[in-house]
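# Examination of the molecular architecture
One letter stands for each residue in the lines below.
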Amino acid sequence: IKAGKLMLFFKKKYPKEAKYQKKDFVNFRRRGELCFGWIYDAKADKSGKITYTMQIGGQCPAFLYDFPEEDIVGLKKD
């Protein structure tokens, strides 16, 4: 089996319980300020708690890993 085909067996599934989906533009609180970013990925731990990976920034983007769902305020309106 080639490495590329082997990876198909281990592909992560997006959690069905997640409130926000990939590419959603959301507001969230971080360090006492209201910020915004895009949902990049989500995962659920064994207890069912959902955490997100979010992309923030424009020209030089950064990622926030394991961001808890309860710290996201909601979808950002344009």
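My aim in this report is to walk through the structure given alongside it, one point at a time. Predicted model only: the values in this text are computed from it and were never measured.

Let's shift gears to the overall build of the chain. Regarding its fold elements, the chain presents one helix and five strands. Traced from its N-terminal end to its C-terminal end, the chain shows the element sequence α-β-β-β-β-β. For the chain, buried positions account for 28% of its 78 residues. Put simply, 38% of the contacts in the chain that link residues at least 6 apart link residues at least 24 apart. When the accessible surface of the chain is split by element, carbon and sulfur atoms take 55% of a total near 6400 Å².

A word on the side chain of Asn 27. Locating Asn 27 in the fold gives a position in strand β1 (residues 25–30). By relative accessible area, Asn 27 is classed as buried at 16%. The contacts of Asn 27, once residues within four sequence positions are left out, are Leu 34, Cys 35, Phe 36, Ile 72, Val 73, Gly 74, Leu 75 and Lys 76.

Let us now look at the pattern of salt bridges. A side chain with one charge may pair with a side chain of the opposite charge, provided their charged atoms come close. Per the stated rule, a full pass over the model turns up two salt bridges. The closest approach of N and O atoms between Lys 43 and Asp 66, which form a salt bridge, is 3.0 Å. With Lys 43 in strand β2 (residues 33–44) and Asp 66 in strand β4 (residues 62–68), this pair connects stretches of sequence that are 23 residues apart. Classification of Lys 43 by relative accessible area gives partly exposed; the value is 42%. Linking Lys 49 and Glu 70 is a salt bridge whose minimum nitrogen-to-oxygen distance equals 3.8 Å. Of this pair, Lys 49 sits in the loop between β2 and β3 (50–56) while Glu 70 sits in the loop between β4 and β5 (72–75), placing them 21 residues apart in sequence. Glu 70 gets classed as exposed once you look at its relative accessible area, which sits at 55%.

What counts, and at which threshold
Residues numbered from 1 in each chain as written. Predicted model: local features only at pLDDT ≥ 70, side-chain atom pairs only at ≥ 80, totals over all residues. Heavy atoms only, no water. Helix = DSSP H or I, 4+ residues; strand = E, 2+ residues; numbered from the N terminus. Buried < 20%, exposed > 50% of the residue type's maximum accessible area, 1.4 Å probe, protein only. Contact = heavy atoms within 4.5 Å. Areas by Shrake-Rupley, 256 points an atom, 1.4 Å probe, with all protein chains shown as cover. Salt bridge = Lys/Arg side-chain N within 4 Å of Asp/Glu carboxyl O.

Worth remembering: the numbers are spatial, not functional.
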